[in-house]
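Chain and residue survey
What follows is each chain in one-letter form.
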Amino acid sequence: MLRQTSIHALATALLATTLAAAAPAGATTNSSEEQTRVTTPAAAANSDITPPVAEKRPHTYTHHGITIEDPYDWLYDKSYPVIDDEDVLNHVKAENAYFEAKMGAQAPFTEALFTEMRARIKEDDSTVPQKDGDYIYWSEFEEGAQYRKHYRKPAAGGEAQLIIDENQLAEGQEYFRLGAASISQNGRFLAYSADTDGSERYTARIKDLETGELLPDVLTNLRSDLVWVANDTALVYGPSTEEWRTLEAKLHVIGTPVEQDVTLYKEEDQSFSVGTGLSAQDDWLVIATGDNETSEVRLVPAATPTAQPILIKPRQKGVEYSVDVRDGELWVWTNDDHINFRLARAKLETPGDWQTVIAGSDDFYLTGFDLFKDFYVTEGRMNGLDQVQLRQYGDAAKITPITFPEASYTAGLSNNPEYDMTKLRLSYQSMVTPSTIYDYDVATGGLETLKTQEIPSGYDASLYTTERLTVQARDGTMVPVSIVMRKDRADILAKAGIEGPGPLHLYAYGAYGYAVPPGFSTSRFSLIDRGFAYAIAHIRGGDDLGRRWYMQGKMFERTNTFNDFVDAGRGLIAKGYTAEGMVTASGGSAGGELMGAIINQDPKQYGAIVAHVPFVDVLNTMLNKDLPLTPGEWQEWGNPITDKAAFAYMLSYSPYDQVVAKDYPPMLVTAGLNDPRVTYWEPAKWVAKLRELKTDDNLLLMKTNMGAGHGGQSGRWNALKETAEEFAFILWQMGMAPKAGGE
């Protein structure tokens, strides 16, 4: 985490510049308000409070000859990102008061779930130390602490040194998240950034690790990594525009005024985003720009970053590529001639002349590569399962796969900061196997277990079973589904008085090529141990089965994503894993859009829905070019401003626009007032319209975190409390919560 930013990470990050922006988000809550709600019964006394009704104010807009009525447009405070409209704030607060009142009776159950979830987490946990240069680095949680402490010690021997205490930095802050953290090559300076309100506009400082003092340099409003160049005398960073876009790579010389910082590259296309990193041998600064489907990369010597950059190849719409450099030779990962990418080489003198090393394949999806001194590593997926392969520079056909024992798992390279590595750090887990860290001996092929996730309250893997099956979608496509459940599930359900196949929780994301891994989670056992099956649907829109799988869930094929999820649930019902009305589902951000679409399409299937920071007002957001992410999103969803067909297609599935008068399942919806990715008014408008039109008496709750953003509350216990709250809602709505007073 604290190593210098490298091209290894940059390659993946720039595959889709908004992937992080749309990564699945958790629920949001205010920690101080949460504690009050849990420890006082006052909210339960107000359980008869009526839901807030948003005022309808006439508002219409017309595009391509189509006029849309939007009476809840006023919930969008037009002074955003400043939110000071009293009517808006009062409505959001009224929704929060209703949430508190209705969930008040479940406070003891939420607390009980939180307690059992926390008991599965080792409080005084630490990462496996890893050598990087002259030092060994690791981080630790102290018992009870919300945040990590980061340490190092000399590799030659010596005392441990605390280099960052996140708890100290977070003191007095309602929200805290550490952003970039980068150690200078000489090991003396630490550059780090932090966000203290959830807006994801970071402020960077530089710490002298010899003296412990902070340098006077302060870089504000960042959205990027921090890269040391010019022999540790300067940092490369990416400032955010007012519209929350990273369009520049700037050079800050330590000790000089920020006003004198030099722009190394400026992007003119508002839909692109700029990122920087270092090559494998730390000798080249890589400046990459791109959107969700097109890339362009430049190289400049790290020692002289103001030198004339080398353009690798001019951008070509639909062509993605990333580069690394080894001994003066370019290595290029690209989809220019195959959708599943190929690996090529080129000379620096002719950087656009790419010679294939590994050809693209219909069977093997090449997701990335890492260069080391004596070998290189390719990562990818085959039949949806992760592959890690060692390859030789002199013989591309010689492949040494690293094999793993289970039929369904997630695995990959972990922290490998040095160029000359004789042992590779790997991570591995499955839905029944806790997170495991290995060292792989390159010479012998041996795997050494360094750490297996410890579960203090106890865990017996033999009690659980995991399966990977396929379900046929309505167009004939076979959709993979990963499932975990108790082997004695039937007995658990019988003791609880539940007849039939029992409840099943279904999760997915389905956007931006993000593949939800079949990994391990201690918190989900609070559902599984109560008789739930837990399933992950590997739907189109993710790249689980290759790049084409992703392409079939975007633009004019977006509805495949929704259909896959609905059909996966129906298929699991048909196979006897659950029954109609017994499926619960959750998703966040673009996965929240998924939740909105599936309840419009098939509401009877679901017993409870949780939509975190849901991207549900799709059409309005994509029509607003001034919003932070919109221009960069047109390659994912389409541009309804210029394209009438895109407008009509988006209108046909946008969850907010498709709410109609009918019964909907019980729902919990979350938002973050400072969220720059999915703005607060999307869930607020959606809930207002659902309250107006739904014909059922099912519970509909909305909680807006007033002091955080897209990722929910910071701090490991605050975040865990949100999960407990989500599960309490689900179990309550499924009739599986303890009886509370007044019910």
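All values derive from a computational prediction rather than experimental measurement.

With that out of the way, let us pick up helix H15 (residues 644–653). Within the sequence span of H15, burial applies to Ala646, Phe647, Tyr649, Met650, Leu651 and Tyr653. In the core, the buried residues of H15 are packed alongside strand E1 (60–63), strand E2 (66–69), helix H11 (559–574), helix H12 (590–601), helix H13 (618–623) and helix H14 (630–637). The residue sitting at the N-terminus of H15 and contributing the capping side-chain oxygen is Asp643; that oxygen lies 2.9 Å from the backbone nitrogen of Ala645.

Backbone hydrogen bonds are what pair the strands of a sheet, in a parallel or an antiparallel way. Pairing within the open sheet is antiparallel, and its four strands lie in the order E11-E12-E13-E14. The sheet is open, and its two borders are formed by strand E11 (227–229) and strand E14 (262–266), each paired with just one other strand. Here the average twist between neighbouring strands, direction ignored, is 25°. Relative to E14, strand E13 (residues 248–253) is paired through four bridges, and the arrangement is antiparallel. Residue pairing for E14: Ala249 is matched across the bridge by Tyr265.

Now for unusual backbone geometry. Most peptide bonds take the trans configuration, and most residues that are not glycine carry a negative phi. Residue Tyr80 is joined to Pro81 through a cis peptide bond whose omega torsion reads 15°. One non-glycine residue with positive phi stands out, namely Asp282, at about 60°. Relative to the helices and strands, Asp282 is located in the loop between strand E15 (273–278) and strand E16 (284–290). Of note in the backbone geometry, Asp327 takes a positive phi value of approximately 50° without being a glycine. Mapped onto the elements of the fold, Asp327 is located in the loop between strand E19 (321–326) and strand E20 (329–334).

Counting residues in each nonpolar core, the largest one holds 119 residues, and the members touching the most others are Ile483, Phe565, Leu572, Ile598, Trp637, Trp686 and Phe729. Apart from the residues within four sequence positions on either side, Ile483 is in contact with Met431, Thr465, Thr466, Glu467, Leu469, Ala533, Tyr534, Ala535, Leu572 and Tyr577. In terms of nonpolar packing, the next biggest core, distinct from the first, is built from 17 residues, Leu385, Val388, Leu390 and Ile402 among them.

With that settled, consider the side chain of Ser240. Mapped onto the secondary structure, Ser240 falls in the loop between strand E12 (234–237) and E13. Here Ser240 is in contact with Arg201, Asn221, Leu222, Arg223 and Arg245, once residues within four sequence places are set aside.

All right, on to the packing of helix H6 (residues 107–119) against helix H17 (residues 716–733) then. Between two packed helices, the angle of one axis relative to the other and the distance separating the axes together describe the packing. Relative to each other, H6 and H17 sit at 125°, their axes nearing to 8 Å. One element, H6, and the other, H17, form an angle in the oblique class. Regarding H6 and H17, the two cross each other, and that crossing is right-handed. The residues of H17 that touch H6, namely those facing Phe109, Thr110, Glu111, Leu113, Phe114, Met117 and Arg118, are Trp717, Leu720, Lys721, Thr723, Ala724, Glu725, Phe727, Ala728 and Leu731. The residue inventory of the contact of H6 with H17, partitioned by class, reads 10 nonpolar, two polar and four charged.

The next thing to look at is the packing of aromatic side chains. Inspection of every chain in the model, using the stated rule, returns 29 aromatic pairs. Measuring from ring centre to ring centre gives 6.1 Å for Phe189 and Trp228, while their planes differ by 25°; the resulting arrangement is stacked. With Phe189 in strand E8 (residues 189–195) and Trp228 in strand E11, this pair connects stretches of sequence that are 39 residues apart. With a relative accessible area of 15%, Phe189 lands in the buried category.

An ideal rise of 1.5 Å per residue puts 22 Å on 16 residues; H11 measures up with 22 Å between its terminal C-alpha atoms. Counting buried positions over the 16 residues of H11 gives 13, a clear majority of the element. Backbone geometry just after H11 places Gly576 at a positive phi near 90°.

Let us look at the pairing of E20. Burial analysis of E20 places five of its six residues in the buried class, which makes it a mostly covered element. Sheet topology note: the E19/E20 ladder contains six bridges and is antiparallel. Looking at the pairing, Val325 lines up with Leu330 of E20. Hairpin connection from E19 to E20: two residues lie between these consecutive antiparallel strands, with Asp327 at a positive phi of about 50°. Bridge count for E20 against strand E21 (residues 342–347) is six bridges, and the pairing is antiparallel.

Moving on: the environment of Gly445. Within the element layout of this structure, Gly445 appears in the loop between strand E29 (436–441) and strand E30 (447–452). For the pair Gly445 and Asn705, spaced 260 residues apart in sequence, the C-alpha to C-alpha distance is 49 Å.

Reading the values: rules and limits
- Residues numbered from 1 in each chain as written.
- Predicted model: local features only at pLDDT ≥ 70, side-chain atom pairs only at ≥ 80, totals over all residues.
- Heavy atoms only, no water.
- Buried < 20%, exposed > 50% of the residue type's maximum accessible area, 1.4 Å probe, protein only.
- Helix = DSSP H or I, 4+ residues; strand = E, 2+ residues; numbered from the N terminus.
- Contact = heavy atoms within 4.5 Å.
- Polar contact = N/O pair within 3.5 Å; in protein donor to acceptor, adjacent residues only side chain to side chain.
- Pairing = 2+ DSSP bridges.
- Axes fitted to C-alpha atoms, helices over the stretch in contact; angles between N-to-C directions.
- Core = buried A, V, L, I, M, F, W, Y, C linked by side-chain atoms within 4.5 Å.
- Parallel < 35°, antiparallel > 145°, perpendicular 65-115°, else oblique.
- Left-handed = near helix turned anticlockwise from the far one by under 90°.
- Nonpolar A, V, L, I, M, F, W, Y, C, P; charged D, E, K, R; others polar.
- Phe/Tyr/Trp six-rings, centres within 6.5 Å; stacked < 30°, edge-to-face > 60°.
- Expected span 1.5 Å × (residues − 1).

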